[in-house]
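In case you want the letters, here they are:
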Amino acid sequence: MLIDLTFKNFKPYRDETEFSMVADKYKRHWTSLMRIPGQRSAKVLPVAAIYGANASGKSAFVFALKALQHTVLTGKTEMIEPFLLDAKHVREATEFCIRFIEADQVFEYSLRVQEGNVIYEELQNQTKAKPVCLYKRVPEKEFVSDVLPKLQEGERVYVEQLGRTLPKAEVLLTTLNRLRPEEFYGKFVALAYTWFALTLCIIGADSRRVALGLDLLNGLDKYEKALNNADTGIEKLEFKSVEVAAVAPPDVVEAFKNAPENMMISPVDGSVILFKNEKGVQALRCFSLHHAGAKKIVDFPLTMESDGTRRYMHLLPIILDVERPRVYVVDELDRCLHHQLSLSLIERCRELISSQEQMLQLIFTTHDALLMAKDNLRKDEVWVMERDSSRATHLVSFNDYENVRSDCNIMKSYLEGRMGGLPKLYPVS
């Protein structure tokens with residue numbers, strides 16, 4: 001789970017920006033709060049909604065997490081971009097500090113990147129009262145670690161030499177995970193890396209789930225039920241054999257023939273699965289079945305479904321995938337979706353956590369003010385983006401407004417402009 005994130009000098013965020021999923025002491029939706037290991041009473045929220053005018057920085061917030069994830073997973077910093085609207089910040093460092101929970105361990109990872117080079121990197125285990133520095137690295141200057149004395153001699157020398165000699169353009173967490181030192185050290189490095197690789201799931205406004213075909217194949221009944229409950233008009237889903245040439249380009253088919261894998265998703269349509277058997281390359285395509293009157297059934301390829309139905313299908317793993325804890329960060333949750341569908345996803349997330357079927361968080365940007373209505377969202381679950389006169393973006397929590405009660409009508413306060421995050425419109429001359 002994500003505990004909090006602080007970053008600075010990234011895209012429209014010039015100044016230090018703080019985002020926290022730590023819950024305040026409100027009673028609303030308390031059964032869906034999740035504990036923080038090692039802390040007696042602190043808990044994290046399951047949901048956070050981020051509002052703001054167009055071009056206020058909502059997508060850039062999602063991109064900040066994406067850039068940090070990409071940097072850790074690949075060791076490359078090309079997605080990290082500074083604030084570009086003044087010459088001073090272009091040359092200054094971009095900073096990230098993120099705290100998260102993985103396998104009942106609390107980690108804090110800090111990274112500073114300046115002109116493509118890592119100038120500071122630190123990984124701490126903060127599960128216990130006294131934090132343990134797994135490593136702190138200032139390239140070409142300093143490398144320290146609280147756990148080095150506890151390691152066997154060969155591993156201690158290996159880790160220390162790697163930390164001191166790794167080039168400035170490379171990320172140590174990425175390298176350590178790849179080379180995987182054994183025993184105590186490697187365990188915690190692997191856990192921290194796993195959070196970025198498997199727990200953190202970022203869904204863009206236009207992104208499509210690559211593995212949708214496999215999801216459908218492995219959970220056809222669950223998807224059918226969810227789509228039927230959402231009033232999409234889909235009665236059933238069914239896989240049928242189709243001509244390979246109709247669903248995959250020749251070069252893809254040829255490359256697949258020589259690949260070691262026996263199954264792949266078509267790059268043209270995510271609902272198509274290619275597989276190899278004794279007959280060569282075969283293809284299965286998922287169709288949606290609809291009633292057409294007089295007990296007649298008509299089937300369509302999923303590409304013919306509405307944008308809203310397809311968007312909903314790509315979001316369904318949020319509530320259907322219960323294999324491991326997940327942190328979903330979704331840009332424009334309400335894109336192509338009716339308000340009731342967006343709300344149903346949020347409510348189902350709370351139900352899964354309350355029933356202990358799944359541990360997850362849903363962090364999303366949206367323009368749907370109706371989601372604030374009644375008691376759908378807590379005051380500490382709502383954030384707004386604001387731009388100042390220099391066009392820099394600032395992120396503000398509704399919880400920071402002391403004159404707004406926790407049981408107030410936050411939708412009304414927001415639409416009245418008391419919370420910011422609204423576009424400043426001017427009459428057309």
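Residues numbered from 1 in each chain as written. Predicted model: local features only at pLDDT ≥ 70, side-chain atom pairs only at ≥ 80, totals over all residues. Heavy atoms only, no water.

Caption draft 1: Looking closely at the overall build of the protein. For the protein, the helix and strand inventory stands at 13 helices and 20 strands. Relative to the 2.2 N^0.38 estimate, which gives 22 Å for 429 residues, the radius of gyration of the protein is 24 Å and therefore close to what a compact globule would have. In terms of principal-axis extent, the alpha carbons of the protein reach across some 75 × 60 × 50 Å. The buried share of the protein, taken over its 429 residues, is 52%. Across the protein, every contact between residues at least 6 apart in sequence was considered, and the portion connecting residues at least 24 apart equals 60%. (Helix = DSSP H or I, 4+ residues; strand = E, 2+ residues; numbered from the N terminus. Rg over C-alpha atoms; globule rule 2.2 N^0.38 Å. Buried < 20%, exposed > 50% of the residue type's maximum accessible area, 1.4 Å probe, protein only. Contact = heavy atoms within 4.5 Å.)

Caption draft 2: Highlighting the sheet that holds strand S19 (residues 382-387). One open sheet holds the six strands; their spatial order is S11-S17-S18-S5-S19-S20, and the pairing between them is mixed. Strands at the two margins of the open sheet, each flanked by one partner only, are strand S11 (200-203) and strand S20 (393-397). In this sheet, neighbouring strand axes are inclined to one another by 15 degrees on average, regardless of whether the strands run parallel or antiparallel. Pairing analysis gives five bridges linking strand S17 (residues 326-330) to strand S18 (residues 360-365), with the strands arranged parallel. Opposite Val330, over in S18, you have Phe364 as the bridge partner. Across the face of the sheet, helix H1 (residues 58-74) comes into contact with strand S5 (47-51), S11, S17, S18, S19 and S20 while running at roughly 140 degrees to S11. Relative to S18, helix H12 (residues 339-354) is tilted by about 160 degrees, and along the sheet it contacts S5 and S18. (Pairing = 2+ DSSP bridges. Axes fitted to C-alpha atoms, helices over the stretch in contact; angles between N-to-C directions.)

Caption draft 3: Highlighting helix H10 (residues 307-315). The buried fraction of H10 is high, at seven of nine residues. Taken as a whole, H10 has its buried residues at Gly308, Thr309, Arg311, Tyr312, Met313, His314 and Leu315.

Caption draft 4: Highlighting the environment of Ile265. Mapped onto the secondary structure, Ile265 falls in strand S13 (residues 263-265). According to the relative accessible area criterion, Ile265 is buried, its value standing at 14%. Considered as a pair, Ile265 and Glu102 are 163 residues apart in the sequence and their alpha carbons are 30 Å apart. Not counting the four nearest positions on each side in its chain, Ile265 is found in contact with Val210, Ala211, Gly213, Leu214, Gly270, Val272 and Ile273.

Caption draft 5: View of the pattern of salt bridges. The tally for this structure, following the rule as stated, stands at 21 salt bridges. Here Glu142 makes a salt bridge to Lys136, at a shortest N to O gap of 4.0 Å. Exposure remark for Glu142: the relative accessible area of 31% places this residue in the partly exposed category. Counted as one network, the salt bridges with shared partners bring together Arg14, Asp15 and Asp388. (Salt bridge = Lys/Arg side-chain N within 4 Å of Asp/Glu carboxyl O.)

Caption draft 6: Seen up close, the sheet that holds strand S7 (residues 105-114). Reading across from one edge, S2-S1-S6-S7-S8-S9-S10 is the order of the seven strands in this open sheet, with antiparallel pairing throughout. The sheet is open, and its two borders are formed by strand S2 (17-20) and strand S10 (142-144), each paired with just one other strand. Averaged over all neighbouring strand pairs, the angle between strand axes comes to 10 degrees, with direction disregarded. Two strands pair when backbone bridges link them, and strand S1 (residues 2-8) and S2 are joined in this way by four bridges, in the antiparallel orientation. Among the inter-strand pairings, Leu5 is bridged to a residue of S2, identified as Phe19.

So yeah, pure geometry; function would need other evidence.
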